[in-house]
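Summary of the model geometry
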Amino acid sequence: MLSGLAIAGGLLVITRRNAVHSALALIVTLLAVAGLYLMLYAPFVAGVQIIVYAGGIMVLFLFVIMLVSLERTVKERQFNRIWPIGLLASCALLALFFSVFEKGKKLFEDRLVPAPTESVNTQKIGEMLYGNYMFAFEIASLLLLVAILGAVIMAKKRI
Amino acid sequence: MLDQFMSYLGSTLTPGQANNQLWALIYVLIIFAGVSVAVMAMNWLERKALAHFQVRLGPMRVGPHGLLQPIADAVKLMIKEDIIPSEADKFVFWIAPLIGLLAAFTVYTVVPFGPSQAVSDMNIGILFMLGVSSLAVLGVVMAGWASNSHYPLIGALRSSAQMVSYEVAMGLAVVCAILMTSLHGLGLYGVSKLSDGTGTLSMIGIVQAQQEQHVWFLFKFFPLGLIAFVIFAIAMVAETNRAPFDLPEAESELTAGFHTEYSGLRWSLFMLAEYAAMIAVSSIAVTLWLGGWLRPFPNLLAGPTWDFIFALFPGLTFLGLGAIAFLGTVRMPKHPYFKIQTIGLAAFGVVLAGIGVLLLAIPIAAKVSNHDILNRSTEALMNVYWFVAKVAVFMYLYIWYRATWPRYRFDQLMKVGWKVMLPISLGVLILTAIVGVIL
Amino acid sequence: MADIGTLHYLVVAAALFVLGVIGVLTRRNVVIVLMSIELILNAVNLNLVAFSRMWGNLHGQVFSIFIVVDAAAEAAVGLGILIAFFRNKETINVDEIDLLKW
């Protein structure tokens, strides 16, 4: 049911004329995906997704939509002139995915590792972040710094 | 269904852990009803307290001392005409207050009223609460956008910018408190079982850590706990758009900001969402720093006699309130016009005193007969009472802030949020970590 | 209800991915294109977390956290570019952003 909600949300994102409606549909999709993470016993990733994605990035998107929305964008044509080609390419991609799933079905059988005890998930992720992935962690913080600087400079009126 | 009902009565787990849907539903309904009553009481208290701060009387006519004023307000708002601006985006206009309400009420699923009285004790309780309160910003933004007019749009943009900036300081202060669950400082009172390097993000776990470390996190690593608490207190006032950070919704500034175009029932939904969010973040603050449901000195003054004495507090409080109501009755003017108000206030006093007597009877009966259900209901009563009492103190503080302090200008607000709160909370975080590891 | 295996999550992730690709390829509104990119990243995340559950270790989840961080940075910069461009040309139509064309 959650996956149905996620896919319906995705469909709404790409088909609505009004950008604000698309943003709302994306929020619904993100929350549905967070629910799917919870079903996969990944509570920390679900929490991070809600805080960062649904709470932060979507607010940013809504801000920008409000700042740049013109009246004439609503009345313009929504889809590209070459949309049949895009649709065809995506259907080819989907067919590729399905063929991969069919061929590899034996690899990922319905083998789900028994659910780990929930209370240690966050702790283990923390251990891994600061243990194995320490370098990536530092690089990610550097990336965020660069992104902040870039966004501020881009949006300034005069440098 | 009946066996689901009975099987939970003896357990010491939350309904979420015991996988008991009926009791989870009952808890949710109780919390919903409780919060609605609390919001109405807050409305009344705000008007009365603000009035008394400003040396006037506040609503006195509607019920005795204005006690029925919130009900009158609710009725008025419900029968008002529901105006939707003509160019507004109908779907977004309709859904914006609902999102604010949803975000405010969903926090209550993780708020613990007792060691087993929470709807569900999620292991990432704090993370969940931070995420859900960041969804409240979406409601504000959509409300401003959907109204399709300048003032709400500017109000919404300002309000969401303010909420987002203070969320950062709030999150860092929360991380400070979580750090303290696993660092046990000087180890004066014995090593708590959580302090072998693993903290916990679950709300019930945080209060239990405070219980085992014999210290409210407010006073831990003094003054670091205090500074973290002050930062969280300021940030939570800014999060809920309350004075002195209420520029986006102040009546004299932007004609009521982002909810200008909402009338009647929708506006009351916004007010409900705002008060519910206030109570929600106050209960988070109480859980993280003030010891949650723990009575004062749970470890220093332990033992069945002290437990009994502290268990008498709820009943005595209600009896005291009933006595105040009787005092008011006696002091009512003796004019025949006031007869019905006098009778009303006396009836209210009788109700309060009745509740007080009932709440006194439970611990006394438990002490006398030592029955299992009575013992546990005394415990539950005490936990809920102390929690609600602490949150009530916060509510009064909110009203006090509104009455006393002038409003921040918007650029001053943002300056404080980023240039003052963020560095201080970072500093407190680092110092807590250093002090906790060294000591 | 049949047992929900890993394959179900992979199918959902693939569907979201394809929807995002359609959005990127066919929409003219730049903001919606950026949102479709976020859809793609989410689909990849879902894939990773599903596999992390299948193999029983947490590497997938850590990687997906990094992807979320990365998506946030990229959304911020992308929207900054959009605003800077909007100031110049007053349009958010992908077809009309052709200043480099000869």
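As the structure is a prediction and not an experimental result, all values here were calculated from the model.

**Things to note about the overall build of chain B**
- The helix and strand inventory of chain B stands at 15 helices and 0 strands.
- When contacts within chain B are restricted to residue pairs at least 6 apart in sequence, those whose partners lie at least 24 apart make up 74%.

**Considerations on the overall build of chain C**
- A tally of regular secondary structure across chain C gives 3 helices and 0 strands.
- Across the 102 residues of chain C, 55% fall into the buried class.
- When contacts within chain C are restricted to residue pairs at least 6 apart in sequence, long-range pairs at least 24 apart make up 47% of them.

**Things to note about the interface of chain B and chain A**
- Opposite the 20 residues of chain B that make contact, chain A presents 19 residues.
- Elements with a contribution of two residues or more to the side of chain B that touches chain A: α5 (125-146) and α6 (150-182) of chain B.
- Here the element with the most residues in the side of chain B that touches chain A is α5 of chain B; it accounts for 10 residues.
- A class-by-class count of the residues in the side of chain B that touches chain A yields 14 nonpolar, 5 polar and 1 charged.

**Examining the interface of chain A and chain C**
- Across the contact, 66 residues belong to chain A and 57 residues belong to chain C.
- Taken together, the elements giving at least two residues each to the side of chain A that touches chain C come down to α1 (2-15), α2 (19-39), α3 (43-68), α5 (83-103), α6 (121-130) and α7 (134-155) of chain A.
- Among the elements that line the side of chain A that touches chain C, the one with the most residues is α3 of chain A, at 13 residues.
- Residues of the side of chain A that touches chain C, tallied by class, amount to 49 nonpolar, 12 polar and 5 charged.

**Some words on unusual backbone geometry**
- If you check the backbone angles, Y41 of chain A has positive phi at about 60° while not being a glycine.
- By the secondary structure assignment, Y41 of chain A is in the loop between α2 and α3.
- The residue N241 of chain B is not glycine, and still its phi comes out positive at about 60°.

**Some words on α1 of chain A**
- In this model, α1 of chain A (14 residues) spans 20 Å end to end at C-alpha, consistent with the 20 Å of a helix rising 1.5 Å per residue.
- All buried positions along α1 of chain A are accounted for by S3, A6, G9, G10, V13 and I14 of chain A. Buried residues of α1 of chain A fall within an arc of 125° about the axis and therefore sit on the same side.
- In the core, the buried residues of α1 of chain A are packed alongside α2 of chain A together with α1 (6-26) and α2 (30-55) of chain C.

**Focus: the domain arrangement of chain B**
- Segmenting chain B into domains produces domain 1 (88-294 + 386-438) and domain 2 (307-370).
- With centres defined by C-alpha atoms, the gap from domain 1 of chain B to domain 2 of chain B works out at 33 Å.

**Quick look at the environment of I67 of chain C**
All names here are of chain C.
- Tracing the chain through its elements places I67 in helix α3 (residues 59-89).
- Along the backbone, I67 and L7 are 60 residues apart, and their C-alpha atoms lie at a distance of 22 Å.
- Residues within four places of I67 in sequence aside, it is in contact with L41, V44 and N45.

**Some remarks on the environment of C91 of chain A**
All names here are of chain A.
- Summarising the element assignment, C91 is placed in helix α5.
- Judged by the 12 C-beta atoms lying within 10 Å of it, C91 falls in the exposed class.
- Residues C91 and G126 lie 35 residues apart in sequence; the distance between their C-alpha atoms is 40 Å.

**Remarks on α7 of chain A**
- End to end, α7 of chain A covers 32 Å across 22 residues, agreeing with the expected 32 Å (1.5 Å per residue, within 8%).
- In terms of burial, α7 of chain A is largely open, as just 2 of its 22 residues are buried.

**Here's the deal with the packing of helix α2 (residues 21-53) of chain B against helix α10 (residues 265-289) of chain B**
All names here are of chain B.
- Contact geometry of α2 with α10 gives a least axis separation of 10 Å together with a crossing angle of 100°. Classed by the angle they form, the pair α2 and α10 counts as roughly perpendicular. Residues V35, A38, V39 and M42 of α2 pack against L272, Y275, A276 and I279 of α10.
- The residue makeup of the contact of α2 with α10, split by class, is 8 nonpolar, no polar and no charged.

**Things to note about the nonpolar core**
- Counting 181 residues, the largest nonpolar core has A23 and M58 of chain A together with A173, F232 and A235 of chain B as its most contacted members.
- Not counting chain neighbours up to four residues away, the residues in contact with A173 of chain B comprise A228, I231, F232, A235 and S425 of chain B.

**Examining the environment of V168 of chain B**
- Tracing the chain through its elements places V168 of chain B in helix α6.
- Residues V168 of chain B and A403 of chain B lie 235 residues apart in sequence; the distance between their C-alpha atoms is 27 Å.

**Some thoughts on the packing of α5 of chain A against α1 of chain C**
- Axis separation between α5 of chain A and α1 of chain C bottoms out at 9 Å; the angle between their running directions is 165°. With respect to α1 of chain C, the axis of α5 of chain A lies roughly antiparallel. For the element pair α5 of chain A and α1 of chain C, the recorded crossing hand is right-handed. Residues W83, G86, L87, A89, S90, L93, L94, F97 and F101 of chain A of α5 of chain A lie in contact with α1 of chain C, whose contacting residues are L7, L10, V11, A14, V18, V21, I22, L25 and T26 of chain C.
- Of the residues contributing to the contact of α5 of chain A with α1 of chain C, the split by class is 15 nonpolar, 3 polar and no charged.

**Thoughts on the confidence of the model for chain B**
Residue and element names in this part refer to chain B.
- Mean pLDDT over chain B works out to 81, with 88% of the residues at or above the 70 mark.
- Confidence, expressed as mean pLDDT per element, reaches its minimum in chain B at helix α9 (residues 251-254) with 52 and its maximum at helix α8 (residues 224-239) with 90.
- pLDDT under 50 marks residues 190-196. Its contacts with residues more than four places away, or in other chains, come to 16 contacts.

**Observations regarding the confidence of the model for chain C**
- Scored by pLDDT, chain C has a mean of 82; 85% of the residues are at 70 or more.
- Predicted as a complex, the structure gets a pTM of 0.86 and an ipTM equal to 0.84.

Criteria and thresholds
Residues numbered from 1 in each chain as written. Chains lettered and ligands numbered in written order. Predicted model: local features only at pLDDT ≥ 70, side-chain atom pairs only at ≥ 80, totals over all residues. Helix = DSSP H or I, 4+ residues; strand = E, 2+ residues; numbered from the N terminus. Contact = placed C-beta atoms within 7 Å. Buried ≥ 20, exposed ≤ 12 C-beta atoms within 10 Å, placed from the backbone. Nonpolar A, V, L, I, M, F, W, Y, C, P; charged D, E, K, R; others polar. Expected span 1.5 Å × (residues − 1). Arc of directions from axis to C-beta. Domains from an automatic or database assignment. Axes fitted to C-alpha atoms, helices over the stretch in contact; angles between N-to-C directions. Parallel < 35°, antiparallel > 145°, perpendicular 65-115°, else oblique. Core = buried A, V, L, I, M, F, W, Y, C linked by C-beta atoms within 7 Å. Left-handed = near helix turned anticlockwise from the far one by under 90°. pLDDT = per-residue confidence, 0-100.

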